[in-house]
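# Structural characterization, general
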Number of protein chains: 2
Amino acid sequence: MTSLDETHDQNRRSWVASANGHPDFPIQNLPFGIFQPHGGAPRSGVAIGDEILDLKEAFSLGLFSGLAREAAEAASGATLNPLMALGSAARVALRARLSALLDEAGAERTKVEGYGTVLLHKAVDCILHLPARIGDYTDFYAGINHATNVGRLFRPDNPLLPNYKYVPIGYHGRASSVRASGGAVVRPNGQRKPATEEFPSYGPSRNFDYELELGIWIGPGNALGTTVPIAAADQHIVGYCLLNDWSARDIQGWEYQPLGPFLAKNFHTTVSPWLVTPEALAPFRAAQAPRPDGDPRPLDYLWDDGDQATGALDIALEVLLLTAGRRMAGEEPIRIGGSNTRELYWTPAQMVAHHASGGCNLGPGDLFGSGTISGTTTDSFGSLLEITEGGRKPLALPSGETRRFLEDGDEVVFRAQCRREGFATIGFGECRGRVVPAV
Amino acid sequence: MTSLDETHDQNRRSWVASANGHPDFPIQNLPFGIFQPHGGAPRSGVAIGDEILDLKEAFSLGLFSGLAREAAEAASGATLNPLMALGSAARVALRARLSALLDEAGAERTKVEGYGTVLLHKAVDCILHLPARIGDYTDFYAGINHATNVGRLFRPDNPLLPNYKYVPIGYHGRASSVRASGGAVVRPNGQRKPATEEFPSYGPSRNFDYELELGIWIGPGNALGTTVPIAAADQHIVGYCLLNDWSARDIQGWEYQPLGPFLAKNFHTTVSPWLVTPEALAPFRAAQAPRPDGDPRPLDYLWDDGDQATGALDIALEVLLLTAGRRMAGEEPIRIGGSNTRELYWTPAQMVAHHASGGCNLGPGDLFGSGTISGTTTDSFGSLLEITEGGRKPLALPSGETRRFLEDGDEVVFRAQCRREGFATIGFGECRGRVVPAV
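This section reports on the structure supplied with the text. (Residues numbered from 1 in each chain as written. Chains lettered and ligands numbered in written order. Predicted model: local features only at pLDDT ≥ 70, side-chain atom pairs only at ≥ 80, totals over all residues. Heavy atoms only, no water.)

The extent of an interface is frequently quoted as the accessible surface area lost upon association of the parts. Between chain A and chain B, the residue contacts involve 59 residues of the former and 59 residues of the latter. Taking both sides of the interface into account, the surface hidden between chain A and chain B amounts to around 5300 Å²; carbon and sulfur atoms contribute 61%. Summed over the shared surface of chain A and chain B, the result is 24 residue pairs in polar contact (both at pLDDT 80 or more). Elements represented by at least two residues in the side of chain A that touches chain B include exactly strand E6 (137–140), strand E7 (170–172), strand E10 (189–192), strand E11 (201–204), helix H7 (249–255) and helix H10 (348–356) of chain A. Looking at the side of chain A that touches chain B element by element, the count peaks at three residues for E7 of chain A. Looking at side-chain class alone, the side of chain A that touches chain B contains 29 nonpolar, 24 polar and six charged residues. (Contact = heavy atoms within 4.5 Å. Buried area = accessible area lost by both parts, 1.4 Å probe. Polar contact = N/O pair within 3.5 Å; in protein donor to acceptor, adjacent residues only side chain to side chain. Helix = DSSP H or I, 4+ residues; strand = E, 2+ residues; numbered from the N terminus. Nonpolar A, V, L, I, M, F, W, Y, C, P; charged D, E, K, R; others polar.)

Next comes the structure, spelled out in structure tokens:
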């Protein structure tokens, strides 16, 4: 685990005024991403308040030396994959230097501030892209409340399968269709066969849903045929994001046996574009929640005392819905759910160690989804499937509208923040997508 | 479907003497690949008999013009992805030109032959790599006899699930661990829980298996949110290979519910390195086998008259096993199984159309596995799981050895050939891997 240092000091303020008190991007966060200013090419940047610091430009201006320069150089291309391939030391050095450069009391403030719009872009004027070329995308199922809720729909008396508390269940997802926050999400067509119909038919999904997940960016990784010991797993996590695992429940129900979800999930996955680093999250690590009596101890390859002590994350998540009606009326999204990453049954390090435990090679730019993160009450569930019990109990919105599943025009927004007494609050930015009609 | 032309003429012979009568690579085949000559860098080539024509060098020598030049230029990098991104017209033109250049009666024979070892490398002196940087890898389950055999192990009276004859079942695999033929395959460790044991344990897979599949290389592909109509699907298939979907049955049995195979499959997948083009396979297209009475007609988005008429492939496949004992004794591999791609329930075009039917974007370098291709008799099964009925009936080898599943030191070799009266036989080259002990 990263130690706390002056970059975490809650009293540190930035000369970028919008950063101070910013709900997501104060100087204590400094997430990396790939942005595109109006008329320019995609490049790496760092979110600071309502602005984006142009990392490539900062590198060109000679603002870095030593390890920080190595990291900034790696981050000077059109993706963050080379930065992800470096060990954490270079990333930590870059963070420290960026924090100093943006500090309102920094020794070089005058010079850096003087670069003005060469160095800083208004975020609202930029397009945000995926931070990396994704190698492979894997979706876990570590949200035990979600697994229980979904299992209960099929097996009321025995919702969790016997392997769940031993195996960090996961499956391979589709990398090509992962997109950064903000775009349209086309309702998929597919084969559906409701219980009420004798034969399947092909057409637009009728049970279109979101899933609230944490995304985990991977690097440097391991060679094929080798493993990643759990105690070293943290070294291969380069950042976090929010992830919406859009799901077509009717397509899923018909296709998923015996080999798992396929077209029900692979038409689109949305991630928040900023890579929030393990360093920024260092104050928000938590002990793994004690397992209920009777739960097995994880097998040795998944057990590490340090991981048990600080391997979980304390990130408050929320889901908001903006219906077309409310958008037309100029109103704000409505909160329909929210939970916390502490609800995960497996830590990110356990996911990494498990994934590599058979020799599968992980690499820079791989992406994990955590699985849907639900709490234990309806208002904390991370999908409509759970909130509406498979569509049987429609959700009543304050606007008078109801939802079994998502309708065309609905926009789903995830937000997340980390709060802890004595530390500045940091957040993830939005993970947003709007459902548009099937082709 | 590609029309037949002079490149398919069985009387055409090459001035590369080893090509004439070659079981895999006569002048009628001309598969593309990425090879590395001793001391050189990886580059694209074309297999011709026991030699490899250096495509990059041929391009540099100015041997191509027009569309063929465009294709050769695209193939001049370290992967074939740019070639895959082109439409078929350029690939067809390149094939025609290569066939003419290598023809023993070709007008430019003297000039081309004169380039000698600048242009031709002995294949035995070269390393063969993956032909492409794989985007996403998807494994289908279209071998209906395999699906039936495996299903019968779990559900003797009802082996096929209700969706099988409607949905080309598939799931996402791991792209990072796909490797070209020839290397060691490390037996994976993982969680196994045999029925005889109360708790799972972590250790080397005890039920290590191969799966005989056809690989399908994809390009150019479709944009996210759009589909590929079945009638156009063939335009997005750029070649075929053999694929060994190495499988750890004990890990699979414990982990796979409810989301499908994960670590049981992702530790290694082996492909034959040569991309055999749709053009080379044009004489070996076949009508889709008539469905048994009572089987449903595929839904419209999976139905095309042309695909029904010529969308299947007639490729004879075989599996050979070389045990450590026989290798030490200098003996040859033993044939333990073999079938034909005509056993597939779904055509490659149906797989493409289905994969994109929900809007998932396919792209150059994507790879599909067909699913295990078994016939209906034990000697035609494509995995040991089927041959030994889950390990219960060991396979007796002529050497006196027996196998429930693969042992360390075992080498599995797939071969495939296309034979048709009036046409030169063409093949795929080997797909080979040797099991080495777990870490």
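This next bit is on the packing of aromatic side chains. Inspection of the entire model under this criterion finds 24 aromatic pairs over all chains. Between Trp 254 of chain A and Tyr 166 of chain B, the ring centres sit 5.9 Å apart and the planes meet at 55°, which makes this aromatic pair tilted. Note that Trp 254 of chain A is positioned in helix H7 and Tyr 166 of chain B in the loop between helix H6 (144–154) and strand E7 (170–172), a pairing that runs across two chains. Taken together, the ring pairs connect Tyr 141, Tyr 164, Tyr 345 and Trp 346 of chain A into an aromatic cluster. Positioned over the ring face of Trp 346 of chain A is Arg 291 of chain A, at 4.6 Å from the centre of the ring. (Phe/Tyr/Trp six-rings, centres within 6.5 Å; stacked < 30°, edge-to-face > 60°. Lys NZ or Arg CZ within 6 Å of the ring centre and 35° of its normal.)

What follows is about the sheet that holds strand E5 (residues 127–129) of chain B. All names here are of chain B. If you trace the five strands from one edge of the open sheet to the other, you get E4-E3-E2-E1-E5, paired in antiparallel fashion. The open sheet has two free edges, formed respectively by strand E4 (120–122) and E5, since each of these has just one partner strand. Pairwise comparison of adjacent strand axes, ignoring direction, gives a mean angle of 45° for this sheet. Sheet strands in contact with helix H4 (residues 88–102) are strand E1 (32–36), strand E2 (43–48) and strand E3 (51–54), and its direction is about 65° off that of E1. (Pairing = 2+ DSSP bridges. Axes fitted to C-alpha atoms, helices over the stretch in contact; angles between N-to-C directions.)

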